[in-house]
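Breakdown of the fold
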Amino acid sequence: MFSKIHPSWNRFFDNEKKQPYFQHLLQSIENRFENSIVFPKKENVFRVFESDWNEINVVIIGQDPYPTFGYANGLSFSVNPNIYPYPKSLLHIFREIKLEYPAFEPENGDLNRWMFQGVFLLNTLLTVEKGLPLSHKNIGWEIFTKKVIEYVNSNCQNIVYLLWGKNAHTIDKQLNNNQSLIIKTSHPSPLGYTKSGVDFVAFKNSGQFKQCNDYLISNNKPQILW
């Protein structure tokens, strides 16, 4: 599971591997791979860490991988290149980008192209069992991903955090608002797409992708080619 992790993450993982919670988590995941159908494939569980953390400019938080066979590939909201039609959440994401950037035409639903531009596509739970959303809740992933966010937030400046839905909104308290831009919207799923709340706007017509790029440009960072 660790073979593709970028060397820049070695210090972080070396520390976590010493922690009892992480040792227990890894054993639990190994057991589940042996006794049930787990997504994504084992070699893609830590795929989001294939890129250099020093180059992270945008963080997008998801819930857990798609529980449908062949969909999950280790990046939040992303699917394997052969998947079509897109899941509805991803379809709504693409619709919003198209509104803001009319020339946008995605080649496929694999968001790998975003990852290597500095977009960190992290799920709060990195594995799931077939057909069972949130089936790997409370086995240690939440502790791990909280530490990941703390690590990024303490080492990187001028980051854009796109927090989609209640689950993602919970990390707001971990962030240094003076060193980053935090955009909170509803979830892009059909249930949340048009909803707004006291401290967040609806995902639909949010204008967040251009707002994100404007912020990056203003801080002398490259904009994302969505």
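Now for a description of the structure that goes with this document. Note that the structure is predicted; figures quoted are calculated from it, not measured. (Residues numbered from 1 in each chain as written. Predicted model: local features only at pLDDT ≥ 70, side-chain atom pairs only at ≥ 80, totals over all residues. Heavy atoms only, no water.)

**What about the pairing of strand E5 (residues 159-164)?**
Test applied: Accessibility here uses a 1.4 Å probe with only protein chains present; expressed as a share of the type maximum, an area under 20% marks a residue as buried, one over 50% as exposed, and anything in between as partly exposed. By definition, any uninterrupted DSSP run of H or I lasting at least four residues is a helix, any uninterrupted run of E lasting at least two residues is a strand, and each is numbered from the N terminus. If DSSP finds at least two bridges between two strands, the strands pair.
Most of E5 is tucked away, with 6 of its 6 residues classed as buried. Relative to E5, strand E2 (residues 58-62) runs parallel, the two sharing 4 bridges. Paired with Ile61 across the bridge in E5 is Leu163. Sheet topology places E5 next to strand E6 (residues 180-185); 6 bridges connect them, and they run parallel.

**Quick word on the sheet that holds E6**
Strand pairs in the sheet, formed through backbone hydrogen bonds, run parallel or antiparallel to each other. As a reminder, the rule being used: Structural elements are reduced to axes, namely lines fitted to C-alpha atoms, with helices fitted over the stretch in contact, and the angle between N-to-C directions of any two is expressed from 0 to 180 degrees.
Strand order across the open sheet formed by 4 strands is E3-E2-E5-E6, with parallel pairing between neighbours. Unpaired on one side and paired on the other, strand E3 (119-123) and E6 mark the two borders of the sheet. Adjacent strand axes in the sheet meet at a mean angle of 15° when their direction is disregarded.

**Observations concerning the pairing of E3**
In terms of residue burial, E3 counts as a mostly covered element, since 5 of its 5 residues are buried. Judged by which residues are buried, E3 turns out to be covered on both faces: Val119, Leu121 and Asn123 on one side and Phe120 and Leu122 on the other are all buried. Here E2 pairs with E3 via 5 bridges, running parallel. Residue pairing for E3: Val58 is matched across the bridge by Val119.

**What to know about the pattern of salt bridges**
Operational definition: Throughout this description, the term salt bridge denotes a Lys or Arg side-chain nitrogen within 4 Å of a carboxyl oxygen of Asp or Glu.
A complete count under the given rule lists 8 salt bridges for this structure. For Glu105, the salt bridge goes to Lys98, with nearest N and O atoms at 2.6 Å. By relative accessible area, Lys98 is classed as partly exposed at 31%. Linked through salt bridges whose partners overlap, the residues forming this network are Asp172, Lys184 and Asp199.

**A few points about helix H2 (residues 20-35)**
Selection rule: Each residue after the first adds 1.5 Å to the expected span of a helix. Directions pointing from the helix axis toward each C-beta atom define the arc.
Helix length check: H2, at 16 residues, gives a terminal C-alpha distance of 23 Å against a target of 22 Å (1.5 Å per residue), a fit within 8%. For H2, the full list of buried residues reads Tyr21, Phe22, Leu25, Leu26, Ser28, Ile29 and Phe33. Mapping the buried residues of H2 onto a view down its axis gives an arc of 165°, with all of them on the same face. Residues Pro20, His24, Glu34 and Asn35 are exposed on H2 and point more than 90 degrees away from its buried face.

**Observations regarding unusual backbone geometry**
Here the bond from Phe39 into Pro40 is cis, since omega is -5°, no more than 30 degrees from zero. Among the structural elements, Pro40 can be located in the loop between strand E1 (38-39) and E2. Pro85 follows Tyr84 through a cis peptide bond whose omega is 0°. Within the element layout of this structure, Pro85 appears in the loop between E2 and helix H3 (88-100). Although it is not a glycine, Leu134 sits at a positive phi angle of roughly 65°. Looking at where Leu134 falls in the secondary structure, it is placed in the loop between strand E4 (128-129) and helix H5 (141-155). Of note in this structure, Asn205 is not a glycine but carries a positive phi near 60°. Looking at the element boundaries, Asn205 is found in the loop between E6 and helix H7 (208-218).

**Regarding H3**
Going by this rule: Contact criterion: two residues are considered in contact whenever any of their non-hydrogen atoms come within 4.5 Å of each other.
Counted at 1.5 Å a residue, the expected span for H3 with its 13 residues is 18 Å, and the 19 Å between its end C-alpha atoms agrees. Where H3 is concerned, the buried positions are Ser89, Leu90, His92, Ile93, Phe94, Glu96, Ile97 and Glu100. Looking at the buried residues of H3, the elements they touch are helix H4 (112-115), E5 and H7.

**Considerations on the environment of Asn153**
Stated formally: N or O atoms within 3.5 Å of each other form a polar contact, as long as, within protein, one can give a hydrogen and the other can take it, and as long as residues adjacent in sequence are counted only when both atoms are side-chain atoms.
As for its placement among the helices and strands, Asn153 is situated in helix H5. With relative accessibility at 10%, the residue Asn153 sits in the buried group. C-alpha of Asn153 to C-alpha of Lys221: the two residues are 68 residues apart in sequence and 17 Å apart in space. A distance of 3.0 Å separates a polar atom in the side chain of Asn153 from the backbone oxygen of Gln174.

**A few points about the packing of H2 against H5**
Our working definition: Orientation labels follow simple angle bins: below 35 degrees gives roughly parallel, above 145 gives roughly antiparallel, 65 to 115 gives roughly perpendicular, and whatever is left gives oblique. Here is the rule for handedness: rotate from the far helix to the near one, and if that takes an anticlockwise turn smaller than a right angle the crossing is left-handed, while a clockwise turn gives right-handed.
Contact pair H2 / H5: the axes reach a minimum separation of 9 Å and the direction vectors enclose 125°. Looking at the two axes, H2 sits oblique to H5. In the packing of H2 onto H5, the handedness of the crossing is left-handed. Mapping the contact onto sequence places Tyr21, Phe22, Leu25 and Ile29 in H2 and Trp141, Ile143, Phe144 and Lys147 in H5.

So, to be careful, I would describe these as geometric facts and stop short of saying anything about function.
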